[in-house]
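# Structural features, examined
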Amino acid sequence: MKLVKSALALAMASALLTACGGSDGGNSKPSATPTPAPTASCNDGLPSFVTCTDVDGAADVYVVAGEINEDFTMDLSEDKDWRIQGTVTVGTGNITEVANDAEVEALKAAGVTLTIEPGVHVRAFNTAKLIVTRGSKIMAEGTAAAPITFSSGLDEDFDGEGEWGGVVIQGFAPQYGGGSNGVPCYSDGTTCNVPGEGGDDVGFFGGNILDDNSGVIQYVRIAEGGLVEGPGNEVNGLTLQGVGYGTTIDHIQVHNNLDDGIEWFGGTVNVSHVVLTNNDDDDIDFDEGYVGNIQFALVVKNQTKEAPTGENDPRGIEANSDDEDFVEETHASIANVTIIGGPVNNNADAEKGRQPGMRLRGAVSANIYNSVVEGFDAGCLQIANADKDGDGEGTELAYTHINLTNVIGDCTSGFYKSGEAESSSESGGAAVTFDDAYAVIESVASLQDAALIETVGDSDFMFEQTDYIGAVEPGTAAEDAWWAGWTLPGTLSDSVTTPPAEADFVTCAGGICTIEGNIDEDYTLVTGVEWRIRGTVTVGSGNLEELTSVQDVAAVKAAGVTLTIQPGVNVRGYNTAKLIVTRGSKLMADGLPYAPITFSSALDSNFEGQGEWGGVVVQGFAPHYSAADGGRCDSVVADVCNVKGEGGDDIGFFGGTDEADNSGVIRYVRIAEGGLVAGPNNEVNGLTLQGVGYNTVVDYVQVHANQDDGIEWFGGTVNVKHAVLTSNDDDDIDFDEGFVGNIQYALIIKSQTKESPTGRNDPRGIEANSDDQDFVRETTAALANVTIIGGPVNNDPNAEKGSQPGVRLRGAVNVNMFNSVVEGFDKGCVQINDADASNVGGNPGDITVTTNVAFTNVFGACQTGFYTTSSDHDAQSEVTSGARTVTFDGSYALEGAEATLAAPLTISAVGNSGFAFDATDYVGAVKPGTSAEDAWWAGWTLPGTVD
């Protein structure tokens, strides 16, 4: 009924305007129905700038147009429906240029006040804008229970965009022009006349009065504006031109504006408690010498719009113009801002491409505190100095000064898109999710102490000294958040954290979701809850039965499912738990440097356990080879394999003939405390790769404190880069059974505190192939930039299997190793053993199958020498390799002259994957000279595991 009533009132008002010659081009066509004459009761006593239409059965429509030339109140009444048409100005302070202080005082004396009562809804015709000119005031003092609203007159659902202009406030505060001539707009005088952006009718603003007072805007909502006047000449939701700090702006929302949410052009006005939703360009934009403070701003970009309109480049914050338009006087202090991106800012095909969360440029100075940016693929912050002469050469720069304190970001390509803050304290990438109140869920948002947030400028603005990051204090209920109750309905979603989907294999209670059994549909482990796995959890069913034909293989692939794990998710396993990604299905565990994915035990959260759960097993359709020249696994049935996997009876079958098989992505993933023993020689590795193909991505992975091996390959062709293997109780890298692939950048650190391994474990850094009759001559690998550091766990001669070498290569394996280093193994760095193939295939006697090894720039420092006394022979090829003195710096880079090569070494890969080694000019996993905080392993590995 409310909608019908409003529509009827709008139609009657439009008819009246047409009849009276109102040619603004309102939102309705002229009606053929005779226009009723204004009634005396409706129009009596109205000023000339107001026209009233009496509407039977509905509120009378009051249309304000032209100049408001006297104090006036838009009052809240059931009988009044307020409209604005065309350019509505409060006062005339923008019309003429002022030449001296007397003219300024005259404008002030002639100024008028527009009062808008709490609860009033002002609807605008399509070219309408409200301009509060300098010297006049707007007193729009809404309340949380009765906010004031500006919106389009087209409808009442607030989902329009660019359907009218916006609200412009002009004052006598200073403005600075581009190019930083060092003086405000009044130069060496006292008066200003700056032409304002937003159309020819905006007129002039500016002055020299820092504390100028343009009134109060409190609990006000502005929606659906942003009318475009021309290129670079748009109307913002709220435009602040030379507005002084005597003005109060607090609790304001701008929604669905086609241009910026709020833009400051110079001035000194402070703003707090801002909600900026679905604005198509920037949300907070300050420039032209603005000096002021902003606290508590919640910015949420459009979550459904796929691309911005036209040339818009939607960011959360943009500060200052670029290059020759730089303004060094712009200086702001900002605190407790939350900026959440959406598809509108992440469309690479938009006219201006993907955008960062903040763009700070043009010699701006900004101190940003306790704030968070999330959801911008292009990066969270972009910082740029100004090229003063605009020649593109950067020879004359004006520097941008950005200081960050407790500023975190969760953006796909990293914290910075480009540039870097001048100073940064406790700031950078971090996993971020939000609850229903838009508070950050993660503990990183709760600070130990309230950081001192300092104001800029001469106002008496006082920041609230907060001990949390973001616009909303963690733990606040949505209904108690400062934005709740007064913002436009539906503009802030009920929840910004995607809830876990319901499925037969998932049970959720108390913020913990437990998965058991078979994942038989595509499923995502979302952030915001704690995930547990119990027992054997399988992704798909490709391991359950033996396949008998290529049709069976195709059917398994067609039935495959995908388990996606969002960055930052922690998955904790109960004591018998293991995750098996079966052949034909995928694991998409694509973490981020600041939001890695973690698998660990459910017993605690300190990552100090060992063998407390199973591990992660990935199975594929890539080839596997049997021992003792048993051939490829499809030797019985062409193109079909069924290899029984190690790790327990529930592991099932793997293998095939597809070298390029794809089992998904494992990137920035940490696996800790696993290695459950299923039986003698039947353990679960941290990461088990069974017949995994080379289209699978395994990069930036850590396995820590596994009771068995770190990573073990059983056949397959999958390559691995950037592996960190720490405190694993058996081998760290173990490949066998016909694996053909490549490994680059592996940092292996054996336990430095454990005196002896568990049980029959024989901890080495690398073990390749099984021994003697179990030899597999097809196993072939190339390894580069591996660092292996031993500890007491591998040097106990009284352990069940005694002390161990750093690398054991045996069983007719073929290994090319480059630019690598081994240190800290008393028995020796390398042990090479051929295979004794006696009695294989009925052949009696001593039959030797050779292990083939080539070393280039491989160094070692081990007590009994480079090779162990148990080594059958040295490497067949050695180039600049052997015993050396070895020390490491804090980044685990090798020190000394031999750590750096004369030129980058070109390294040939093995297999058919197309893998390309980086041509490195150094020995070891980390480039010499790299600081510990800049090493590739820094920031994403488990705290305290690499130190």
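The written sequence of each chain sets the order in which its residues are numbered from 1. Only residues with pLDDT of at least 70 are given local features in this predicted model, and only at 80 or more are side-chain atom pairs given and counted; all residues enter the totals for whole chains, interfaces and linings. Only heavy atoms go into the side-chain values, all of them from the structure, while hydrogens and water stay out.

### Observations regarding the overall build of the protein chain
Where helices and strands are cited, they refer to DSSP runs of H or I of at least four residues and of E of at least two residues respectively, numbered from the N terminus. Across its full length, the protein chain holds four helices and 61 strands. The principal-axis extents of the C-alpha atoms in the protein chain amount to approximately 120 × 60 × 45 Å. For the protein chain, buried positions account for 59% of its 947 residues. For the protein chain, restricting intrachain contacts to residue pairs at least 6 apart in sequence, the fraction spanning at least 24 positions comes to 71%. Each accessible area is a Shrake-Rupley estimate made with a 1.4 Å probe; only the visible protein chains count as cover when residues are assessed. When the accessible surface of the protein chain is totalled, it reaches about 33900 Å², and 46% of it is carbon and sulfur. Buried residues are those whose accessible area, probed at 1.4 Å on protein chains only, stays under 20% of the maximum for their type, while exposed residues exceed 50% and partly exposed ones sit between those limits. Pairs of residues are marked as contacts when any of their non-hydrogen atoms sit within 4.5 Å.

### Quick notes on a negative patch on the surface
Taken together, the side chains of Glu324, Asp325, Asp389, Asp391, Glu393 and Glu396 define an acidic patch exposed on the protein surface. By secondary structure assignment, the location of Glu396 is in the loop between strand 25 (386-387) and strand 26 (397-398). Patches in this entry comprise residues that are over 30% relatively accessible and not in a salt bridge; like charges within 9 Å are linked, as are nonpolar side chains (Val, Leu, Ile, Met, Phe, Trp, Tyr) within 5 Å. Definition used for salt bridges: Asp or Glu carboxyl oxygen within 4 Å of a side-chain nitrogen of Lys or Arg. Under the counting rule used here, the positive set is Lys and Arg, the negative set is Asp and Glu, and His together with the chain ends is not counted. In plain terms, the charge of a residue is placed at NZ if it is Lys, CZ if Arg, CG if Asp and CD if Glu.

### Re the environment of Cys508
One can find Cys508 in strand 31 (residues 506-509). A C-alpha to C-alpha distance of 41 Å links Cys508 and Glu318, two positions 190 residues apart in sequence. Other than its neighbours up to four places away in sequence, Cys508 contacts Pro500 and Cys513.

### Here we look at the pairing of strand 7 (residues 129-132)
Covered by surrounding structure in strand 7 are Lys129 and Ile131 together with Leu130 and Val132, the residues of both alternating faces. By the convention used here, strands pair only if DSSP detects at least 2 bridges between them. Summarising the sheet, strand 4 (residues 80-90) and strand 7 pair through four bridges and their orientation is parallel. Its bridge partner being in strand 7, Val90 is matched across the sheet by Val132. The pairing of strand 7 with strand 10 (residues 167-170) spans three bridges and is classified as parallel. Residue Leu130 lies in a different strand from strand 10, and its bridge partner there is Val167.

### Describing the state of the cysteines
Our working definition of a disulfide is a cysteine sulfur pair at a distance within 2.5 Å. Enumeration according to the criterion identifies six disulfides in this entry. Through a disulfide, Cys185 is tied to Cys192; the S-S separation comes to 1.8 Å. The chirality of the disulfide connecting Cys185 with Cys192 is right-handed, given an S-S dihedral of about 95°. For Cys380, the disulfide goes to Cys411, at an S-S distance of 2.1 Å. Measuring handedness by torsion sign, the sulfur bridge of Cys380 and Cys411 sits at about 105° and is right-handed. Within this pair, whereas Cys380 is found in the loop between strand 23 (365-374) and strand 24 (381-383), its partner Cys411 is found in the loop between strand 27 (401-410) and strand 28 (416-418), the two being separated by 31 residues in sequence.

### Details of the pairing of strand 36 (residues 570-573)
Bridge count for strand 34 (residues 530-539) against strand 36 is three bridges, and the pairing is parallel. Bridging from a neighbouring strand, Ile533 pairs with Gly573 of strand 36. Pairing geometry for strand 36 and strand 39 (residues 597-601), over four bridges, is parallel. Bridge assignment links Gly573 to a residue of strand 39, and that residue is Ser601.

### Some details on the environment of Gly860
Here Gly860 is to be found in strand 59 (residues 852-861). Residue classification places Gly860 among the buried positions, given a relative accessible area of 2%. In this view, Gly860 contacts Val822, Cys829, Phe866, Gly882, Ala883, Arg884 and Val886; residues no more than four positions away in its chain are not counted.

### Regarding the pattern of salt bridges
The final tally for this structure, using the stated rule, is 34 salt bridges. For the salt bridge of Arg810 with Glu767, the shortest nitrogen-to-oxygen distance reads 3.3 Å. Placement of the pair is Arg810 in the loop between strand 54 (807-809) and strand 55 (814-823) and Glu767 in strand 52 (residues 766-768), with a sequence separation of 43 residues. Judged by relative accessible area, Arg810 falls into the buried class, the value being 12%. A cluster of three or more residues bridged by salt bridges with shared partners is formed by Asp313, Arg315, Glu318, Asp322, Lys352, Arg359 and Arg361.

### Some thoughts on the packing of aromatic side chains
Each pair of aromatic rings taken from Phe, Tyr and Trp, with Trp reduced to its six-membered ring, is defined by centres within 6.5 Å and is described as stacked if the planes are under 30 degrees apart, edge-to-face if over 60, and tilted in the remaining cases. Tallied over the entire structure, the rule returns 25 aromatic pairs. Aromatic pair Phe49 and Phe72: ring centres 5.2 Å apart, planes at 85°, arrangement edge-to-face. Within this pair, whereas Phe49 is found in the loop between helix 2 (40-43) and strand 1 (50-53), its partner Phe72 is found in strand 3 (residues 72-74), the two being separated by 23 residues in sequence. Exposure remark for Phe49: the relative accessible area of 3% places this residue in the buried category. Residues Phe599 and Trp613 carry aromatic rings whose centres are separated by 6.4 Å and whose planes lie at 15° to one another, so their mutual orientation is stacked. One end of the pair, Phe599, is in strand 39; the other, Trp613, is in the loop between strand 39 and strand 40 (616-619), and 14 residues separate them in sequence. Judged by relative accessible area, Trp613 falls into the buried class, the value being 0%. A cation over an aromatic ring shows up here: Arg534 above the ring of Tyr574, its NZ or CZ 4.2 Å from the ring centre. The ring of Phe621 is capped by Lys557, whose NZ or CZ atom sits 5.4 Å from the centre of that ring. Lysine NZ or arginine CZ positioned within 6 Å of the ring centre and within 35 degrees of the ring normal marks a charge as sitting over the ring.

### Focus on the environment of Glu70
Counting through the fold element by element, Glu70 comes out in the loop between strand 2 (60-68) and strand 3. Taking the C-alpha atoms as reference points, Glu70 and Thr87, 17 residues apart in sequence, are found 16 Å from one another.

### Examining the nonpolar core
Here, the term nonpolar core denotes a set of buried Ala, Val, Leu, Ile, Met, Phe, Trp, Tyr and Cys residues that are joined through side-chain atoms within 4.5 Å. Core analysis: the largest hydrophobic core is formed by 76 residues, its most contacted members being Leu238 and Phe286. Ignoring sequence-local partners within four residues, the contact set of Leu238 consists of Val167, Ile169, Ile217, Ile222, Ile249, Ile252, Val254, Gly261, Ile262 and Glu263. With 72 residues, the next largest nonpolar core counts Leu563, Ile565, Leu587 and Leu725 among its residues.

### A few points about the side chain of Thr538
Relative to the helices and strands, Thr538 resides in strand 34. In this structure Thr538 touches Gly517, Asn518, Ile519, Asn543, Ile580 and Thr582, once residues within four positions along its chain are discounted.

### Considerations on the confidence of the model for the protein chain
For every residue, the predictor reports its confidence as pLDDT, a number between 0 and 100. Mean pLDDT for the protein chain: 92, with 94% of residues reaching 70 or above. Across residues 1-39, confidence stays below pLDDT 50; counting only partners more than four residues off in sequence or on other chains, it has 58 contacts.

### A look at the side chain of Asn257
Counting through the fold element by element, Asn257 comes out in the loop between strand 15 (248-255) and strand 16 (262-265). For Asn257, a relative accessible area of 1% puts it in the buried group. A distance of 3.1 Å separates the side chain of Asn257 from the backbone nitrogen of Gly226, its partner in a polar contact. Setting aside residues up to four positions removed in sequence, Asn257 forms contacts with Glu161, Gly165, Gly225, Gly226, Val235, Asn236, Gly237, Asn278, Asn279 and Asp280. Any pair of N or O atoms that falls within 3.5 Å is considered a polar contact. Within protein, one atom must be able to donate a hydrogen and the other to accept it, and sequence-neighbouring residues count only if both atoms are side-chain atoms.

### Digging into unusual backbone geometry
Here Glu224, not a glycine, exhibits a phi torsion of approximately 70°, which is positive. Counting through the fold element by element, Glu224 comes out in the loop between strand 13 (215-223) and strand 14 (238-241). The phi torsion at Asp772 lies on the positive side, around 50°, for a residue other than glycine. A relative accessible area of 25% places Asp772 in the partly exposed class.

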